[in-house]
Structures are given as structure tokens and as C-alpha cells.
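Here is what each chain is made of, one letter per residue.
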Amino acid sequence: MALKLAVSPCPNDTFVFHALIHGLVQDAPPVELTFADVDVTNTAAERGEFDLIKVSYAALPWLMDQYDLLPCGGALGRGCGPLVLTRGDKTDLNDATIAVPGDRTTAYLLFRLWSQGQQPKDVKVVPFHEIMPGVADGTYDAGLVIHEARFTYPRYGLTALVDLGEWWERDTGLPIPLGAILAKRGVVDPAAAAEWIRRSVSMAWANPAASRDFVLANAQEMELDVVEQHIDLYVNEFTLDLGEDGIEQKMRLTVKL
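Since the structure is predicted, the reported quantities are computational estimates derived from the model, not experimental observations.

What follows is about the packing of helix H3 (residues 106–114) against helix H6 (residues 164–172). Across the interface, H3 lies against H6 with an axial gap of 10 Å and an inter-helix angle of 65°. Between H3 and H6, the angle is such that the two are roughly perpendicular. Considering only the axes of H3 and H6, their crossing is left-handed. Between H3, through Ala107, Leu110, Phe111, Leu113 and Trp114, and H6, the contact on the second element is made entirely by Leu164, Trp167 and Trp168. Of the residues belonging to the contact of H3 with H6, the class tally is 8 nonpolar, no polar and no charged.

In the Ramachandran plot, aspartate 27 falls in the positive-phi region, its phi being about 75° despite a non-glycine side chain. The topology assignment puts aspartate 27 in the loop between helix H1 (11–21) and strand S2 (31–35). In this structure, aspartate 95 is a non-glycine residue whose phi angle is positive, near 60°. Tracing the chain through its elements places aspartate 95 in the loop between strand S6 (83–86) and strand S7 (97–100). A relative accessible area of 52% places aspartate 95 in the exposed class.

By the alternation rule, side chains of strand S9 (residues 142–145) split into Ala142 and Leu144 and Gly143 and Val145, which are all buried. In this sheet, S9 lies alongside S7 in parallel orientation, the contact comprising 2 bridges. Following the sheet pairing, isoleucine 98 is matched in S9 by alanine 142.

Rules behind the numbers
Residues numbered from 1 in each chain as written. Predicted model: local features only at pLDDT ≥ 70, side-chain atom pairs only at ≥ 80, totals over all residues. Heavy atoms only, no water. Axes fitted to C-alpha atoms, helices over the stretch in contact; angles between N-to-C directions. Helix = DSSP H or I, 4+ residues; strand = E, 2+ residues; numbered from the N terminus. Parallel < 35°, antiparallel > 145°, perpendicular 65-115°, else oblique. Left-handed = near helix turned anticlockwise from the far one by under 90°. Contact = heavy atoms within 4.5 Å. Nonpolar A, V, L, I, M, F, W, Y, C, P; charged D, E, K, R; others polar. Buried < 20%, exposed > 50% of the residue type's maximum accessible area, 1.4 Å probe, protein only. Pairing = 2+ DSSP bridges.

Structure below.
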């Protein structure tokens, strides 16, 4: 029976899971792949729709009754946090309309913690690819962005009001937690799934060219240099093993919620 896997089409996920998706990992089952933005996977996981799924760390309190957190495959690191972007004529968020990629995302949780004391007028959940164009054309006063937007936002004439990753790291000394991989309890053996993913990561690192066509085909028109920067930033030692810092980060975020 095929393993139902849901991840994003972002380069870090397609790079990490390429070998597993394409049947290259020894002893792993065949995979039925679904691509979806994290706001979609957060709610799909709550409905129990997938066997392996990438979700926001901030969504874990709603999901741990159905899933086991895997110690690998996710997105956690330093210097990779969400950004709050404006057109440059807005220097605070009072009375602002803000576009966010999801209301149960880690990015939005960090935004809420950082913005305490400010009074935005409205917060709207918007598909990720619409956020920067919407801020640029004045539909929104500010936007909360993640992933490759760190490298591309100047193209839209936007300014970073705050780097929430830097803010969190200064406050906690810990890496920024973004995406976690969950295995459905009673359906997937978490130890086996962790081994499949670790093998997939190791194969990707050993031969980066093997996944390049697959990564670029799903990279939403990103140029190769942006794709490579994206992978270098988000696929790191925590992808192979969360370690003590990663586990502590999970506990700290849960307490914040």
C-alpha cells in the first residue's frame, strides 16, 4: 500500500524527499505524493488525511493526539526566520491590514508574539504566492512571508520591517522552528519513517544533481541560484536530526501557545 505523503513544493521539501518519492530508498514503501501549502497541510493533518505530513510547529498542539513528531525531515535552523514586509512608507503596524500565510503557522505565532502592543486593523490569510504582490500593489499594508521571499522581496520594492528569526534567536538563543514532519500514529512506524527520511536526505546531499530537475519543476518559477540558496539555508543539520535544541524549541513554542 502506498504511503500518503503531503509536503510543500518548495525546494527544501522536494530536495529532501526526492529519493523517497521516487522509490530510491531501500525498504521504503511506494509514495502517493500531494503538494500543498502549509496552511492546507495544517488543516489536512487535523482531519487525519495523510500518513506522513509536513506541518507548522505552531500547529503541533492540535495534532499530537493523532501523529508522532519525527526527529528529521523538517525545517529548523538559524538565519531563516519569517519576515514582515512593507512598501517602506509604513514603519509600524498600527491600523494596518496584514497578509499572512496561515493562522496556525509558526510564522504567524512569532508575528503575534513580536507585535504585542501594536494594533493592526485586520489580518487576512492569503496564499503565499499572493502576499508580496499584494503588499507591492497596496492591497495589504504589510505581509508576513517565509522561505524564498527572503531572497526575492527587494524585486517587489519592499522593505523588511523585522526579521522574526533574528528577533526570536536574540530572545531565546535557539534556532527558529518552521516545519515539522509527522507520522500518523497506528499507521506508520515512526522509527522506520525516520530512517527512510534520513536516507533520503543523505542521498540528496550525496548527489544534489539527481533531484535538480524535480526541484526546479516544482519551484514556482524560481531561478536556479535562488533555489540553491533556499536549499542551503533550510536543509541543514536539523533536517537530519532535530537534536536537543530542536526538541527544546518544540517545547518552548508549545508553552507559548
